Amino acid sequence: MSHLEKYTTVASTLHWVVVILVCVLFGLGWFMTDLPPGPDRGFYFATHKSIGITLFVVMVFRLAWRLFNRPPPLELDVANWKILLAKNVHYTFYILLFVQPLTGYFSSSFSGYDTSFYGYPLPTWGWKHESFNTFFSAAHSLCSMAILICVTLHLAGVISHVYQEGVSFLDRMKPW
Ligand code: HEM
Ligand code: HEM
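Here's what I pulled together on the structure shown here. Quick caveat: nothing in here was measured; it's all calculated off a predicted structure.

Thoughts on the environment of Phe31
Take Phe31: it is sitting in helix 1 (residues 9-32). Residue class for Phe31 comes out exposed when judged on the 11 C-beta atoms lying within 10 Å of it. Considered as a pair, Phe31 and Phe93 are 62 residues apart in the sequence and their alpha carbons are 23 Å apart.

Some points on the site of ligand 2
Around ligand 2, 18 residues are found, and the nearest of them are Val22, His90, Phe93, Arg172 and Met173. Put simply, the parts of the chain that give the shell around ligand 2 at least two residues each are helix 1, helix 3 (80-109) and helix 4 (130-160). For the shell around ligand 2, the element with the most residues is helix 1, which contributes five residues. A class-by-class count of the residues in the shell around ligand 2 yields 13 nonpolar, three polar and two charged.

With respect to the site of ligand 1
Around ligand 1, the surrounding shell holds 24 residues, and the nearest of these are Gly29, Gly52, Gly104, Ser107 and Ser137. Within the residue set of the shell around ligand 1, elements represented by two or more residues are helix 1, helix 2 (39-68), helix 3 and helix 4. Considering every element that reaches the shell around ligand 1, the biggest residue donor is helix 3, with seven residues. Of the residues belonging to the shell around ligand 1, the class tally is ten nonpolar, 13 polar and one charged.

What to know about helix 3
With 30 residues, helix 3 should cover 44 Å at 1.5 Å per step; its first-to-last C-alpha distance of 44 Å lies within 8% of that length. Among the residues of helix 3, Leu97, Gln100, Pro101, Gly104, Tyr105, Phe106, Ser107, Ser108 and Ser109 are the ones counted as buried. Next to the buried residues of helix 3 lie helix 1, helix 2, strand 1 (115-117) and helix 4.

Some words on the nonpolar core
One finds Val22, Leu25, Leu55, Met59 and Leu97 forming the largest nonpolar core, which totals five residues. Put simply, the parts of the chain that give this core at least two residues each are helix 1 and helix 2. With near-sequence residues (within four places) excluded, Leu25 lies in contact with His48, Ile51, Gly52 and Leu55.

The rules behind the values
- Residues numbered from 1 in each chain as written.
- Chains lettered and ligands numbered in written order.
- Predicted model: local features only at pLDDT ≥ 70, side-chain atom pairs only at ≥ 80, totals over all residues.
- Helix = DSSP H or I, 4+ residues; strand = E, 2+ residues; numbered from the N terminus.
- Buried ≥ 20, exposed ≤ 12 C-beta atoms within 10 Å, placed from the backbone.
- Near = placed C-beta within 6 Å.
- Nonpolar A, V, L, I, M, F, W, Y, C, P; charged D, E, K, R; others polar.
- Expected span 1.5 Å × (residues − 1).
- Contact = placed C-beta atoms within 7 Å.
- Core = buried A, V, L, I, M, F, W, Y, C linked by C-beta atoms within 7 Å.

Laid out in structure tokens, this is it:
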């Protein structure tokens, strides 16, 4: 039975908070864009934007924590190419989870609608401009596809090593 080094409680708690927020944001994003114009649509857009900005703030803490706390060494026998792929997917997550809220904020800023954080008005970084709004909306949509690809690769990697050498790989990310 191998011994498995774990991520710190802070790192794993932040990991699962981000997973929940990302799932909620995808759910809201897909749901709200199908709604007809009206107060319901406005409510769900505002909620999506507030939760998206929350995720951005959580990511700032997560990145700061990650920079000062290196991940635990992996003592399982995993092929080098898999470790390299996993690391690159992790780095790509960090980049995408900053780029995604920013493209959303820009898209919102050029839409002509207000951007608020749970009702508290935030500065807009643009003016009503259709082409810029379309550009940032497309970037936001493209970035969400890239996140989905990374999630698929990430899950394939985690699931393929769930039980190895008598330990559960998932334990590395258990907050307790
Ligand atoms: C990591 C955080 C976020 C995720 C995962 C996310 C995800 C999504 C998804 C899946 C959609 C539907 C896109 C489509 O129709 O293809 C969407 C739409 C949208 N999101 Fe986000 N979002 C995030 C953050 C934000 C933030 C911070 C804002 C604004 C402050 C925002 C504003 C919007 C707006 C305005 C739309 C609808 C129109 C458009 O595509 O621009 N999002 N989001
Ligand atoms: C939105 C979905 C997800 C995102 C964005 C995400 C992101 C990440 C990131 C960035 C890391 C590297 C942590 C670091 O080095 O700081 C990581 C590690 C990990 N994640 Fe996820 N994750 C997601 C979903 C999941 C799910 C659903 C599971 C479990 C089924 C999972 C299990 C793990 C495990 C076990 C590790 C540790 C891998 C290792 O040993 O290096 N993740 N995740």
